[in-house]
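Each chain, written out:
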Amino acid sequence: MFSLGDLYQQVIIDHTKSPRNFGKLDPCNHDAEGYNPLCGDQLHVYVQVNDSNIIENIKFEGQGCSISTASASLMTESLKGKSLADFEILFDAFHDMATADLSDAPDEEVLGKLAVLAGVKEFPSRIKCATLCWHTLKSAIDDAAEPARTE
Amino acid sequence: MMNIEKIRGDFPVLHQELYGKPLVYLDNAATTQKPQCVIDTVRHYYEKDNSNIHRGVHALSERATAAYEASRETIRAFFNAKSSKEVIFTRGTTESINLIASSWGGANIGKGDEILITHMEHHSNIVPWQMLCERTGAVLKVIPMNDAGELDMDAFASLLSERTKLLGVVHMSNALGSINPIETMIQQAHVVGAKVLVDGAQAAAHIAVDVQALDVDFYVTSAHKMYGPTGVGVLIAKQALLEAMPPYQGGGDMILMVTFEKTQYNDLPHKFEAGTPNIAGVIGFGEAIKYIQSIGLHAIAEREKTLLDYASKQAQAFEGLKQIGTAKEKACVLSFVLDGVHPHDLGTILDREAVAIRAGHHCAMPVMQFYKVPATARASFSIYNTEAEVDALFAALAKARDMFA
Ligand SMILES: Cc1ncc(COP(=O)(O)O)c(C=O)c1O
């Protein structure tokens, strides 16, 4: 059985208490709101993507539990300077990790520090807390594909 | 004095371990556990009497019908309704309110009319009225509350007018525990000619309700919060109102005579019970009411007050804990936030200590908005909870606080 310590690792507590890249990003060319009605988590993700599809800057704001705050904080840290193609790879890897079988080890080579969130899969009601920021970022970036929003 | 050990013995689910620790169930406002007698009654129905009601002439159908109607009588007596015609079975509080909004509201609410609710309503007593207002052009007004979670009775008085057609008020708030002064509110609302709907989902298992003495127009509740099955509840309403209301749903059981030209509706209460109902649920509901009666609401209220006082004292002394909802009149609910630990994390950490609480907005988002919190943690008590369980709650909270220290 997983213990609470697997979920609330020190890294997560640390990111909860002092989230990185927290606040509004102004200017930014994509942003989106994410919302988890189950627990009332609210998240706003802002990204600045340059012409070469590199995430130049990324920030988030919102109210959430430690898992959703730490996950967003870790996500922004890991994506700054990465390409949108890298984002897609990490999105899939993160999603796989959060929903994998308990026995599957996370792909630390791809995920790096994000692997500390692997413990959520033992806590089904908390998986959405961890994935909310990724879905929010995806909708921010996907909106950008719509011509009306392209700058 | 109540014998708590004996009562605990009545509830099989309580006697289990989670993660190697004894279960401490403090999520009673979400749903209560079921005593053996209710489980046995439902089981007996399926094992011996299962059949459809109000239609067969065979023995099983007659037994099932008799048990179903006996439940109606038990529930009528419990709430002191004038007649069993005033007791309509539904899927629960939510469906009861939707029935009123759709049937009574559709026939009686028009443009410019006002529907008055309170700031502490459950979503089920907000959304159906918003939907009705959208359909009809009526206006939804809200009675404010103070920081303790008590309704502002002066504001209530000034919001009442001839335009007020309905007052919808929760008897006991699930998010705060506040017990509202429904008796005076009903009187005041009646002075301006408004009808009154009381949401008794939380209250009915804790407070004696006499619908005739209250002169309440609509009283609604759910069985599952009163030791009965899920998916069944009741609407109790004055007969004259129900007679005048159009049916809510059409189908079997609610008709006397159907031709393609015209349908003649059945008498009360069947007019509002279209289709095969939750027969086992209704029969179990009746048994749950008998269980409450066997202990007595007076003894229940006294015991639950002792327990809430015990828990509130510990809450006050607990560093970093802020109670949400400190009304003078309250019962069974300890809603709170803890500095530095989000309620959702508390829920998970407490779960691993085998302490079941609710974390979230409790289907009362406007209450969260009022206190400017995204969510609260809520421990809610019932007759089978003990002081030792309250101690386990606070020991688990201390662990959570240390984890985030
Ligand atoms: C005050 C209040 N009203 C209404 C409801 C809705 O009850 P149900 O979900 O049984 O329809 C609840 C249950 O959560 C409640 O606590």
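Owing to the predicted nature of the structure, the values given are computational and were not obtained by experimental measurement.

A. Inspection of the sheet that holds strand 7 (residues 164–170) of chain B at higher detail. Residues and elements named next belong to chain B. Ordered in space as 4-10-9-8-7-5-6, the 7 strands form an open sheet in which the pairing is mixed. Each having just a single partner strand, strand 4 (87–90) and strand 6 (139–143) make up the two edges of the open sheet. Averaged over neighbouring strand pairs, the angle between their axes works out to 20° when direction is ignored. Contacts from helix 3 (residues 59–79) reach strand 4, strand 9 (218–222) and strand 10 (233–237), with the element oriented near 115° to strand 4.

B. Seen up close, the packing of aromatic side chains. All names here are of chain A. Using the criterion set out here, one finds 17 aromatic pairs over all chains in the structure. Ring geometry for Phe 22 against Phe 60: centres 5.1 Å apart, planes inclined by 90°, an arrangement best described as edge-to-face. One end of the pair, Phe 22, is in the loop between helix 2 (10–17) and strand 1 (30–36); the other, Phe 60, is in strand 3 (residues 55–63), and 38 residues separate them in sequence. Aromatic side chains Phe 94 and Trp 134 sit 5.1 Å apart centroid to centroid with 25° between the ring planes, which places their arrangement in the stacked category. Remark: Trp 134 occurs in helix 6 (residues 127–145) and Phe 94 occurs in helix 4 (residues 84–99); sequence separation between them is 40 residues. With respect to burial, Phe 94 and Trp 134 carry one shared label: buried.

C. View of the site of the ligand. Residues and elements named next belong to chain B. Near the ligand you find Thr 93, Thr 94, His 122, Ser 124, Val 170, Asn 174, Asp 199, Ala 201, Gln 202, Ser 222, His 224 and Lys 225, and these make up its full shell. The fraction of the free accessible surface of the ligand (390 Å²) that becomes covered by protein chains is 84%. Across the shell around the ligand, the residue classes break down as 2 nonpolar, 8 polar and 2 charged.

D. Structural view of the domain arrangement of chain B. Residues and elements named next belong to chain B. Assigned domains within chain B: domain 1 (4–30 + 296–404) and domain 2 (39–294). On a C-alpha basis, the centroid separation for the pair domain 1 and domain 2 is 28 Å. Of the roughly 2700 Å² buried at the junction of domain 1 and domain 2 (both faces included), carbon and sulfur atoms supply 58%. Linking domain 1 with domain 2 are 0 salt bridges, by the criterion used here. For the pair domain 1 and domain 2, the interface holds 22 residue pairs in polar contact (both at pLDDT 80 or more). Of all elements in the fold, only helix 11 (297–317), strand 14 (333–338) and helix 13 (365–371) reach the threshold of two or more residues within the side of domain 1 that touches domain 2. Of the residues belonging to the side of domain 1 that touches domain 2, the class tally is 24 nonpolar, 7 polar and 6 charged.

Rules and cut-offs
Residues numbered from 1 in each chain as written. Chains lettered and ligands numbered in written order. Predicted model: local features only at pLDDT ≥ 70, side-chain atom pairs only at ≥ 80, totals over all residues. Heavy atoms only, no water. Pairing = 2+ DSSP bridges. Helix = DSSP H or I, 4+ residues; strand = E, 2+ residues; numbered from the N terminus. Axes fitted to C-alpha atoms, helices over the stretch in contact; angles between N-to-C directions. Contact = heavy atoms within 4.5 Å. Phe/Tyr/Trp six-rings, centres within 6.5 Å; stacked < 30°, edge-to-face > 60°. Buried < 20%, exposed > 50% of the residue type's maximum accessible area, 1.4 Å probe, protein only. Near = heavy atom within 4 Å. Areas by Shrake-Rupley, 256 points an atom, 1.4 Å probe, with all protein chains shown as cover. Nonpolar A, V, L, I, M, F, W, Y, C, P; charged D, E, K, R; others polar. Domains from an automatic or database assignment. Buried area = accessible area lost by both parts, 1.4 Å probe. Salt bridge = Lys/Arg side-chain N within 4 Å of Asp/Glu carboxyl O. Polar contact = N/O pair within 3.5 Å; in protein donor to acceptor, adjacent residues only side chain to side chain.

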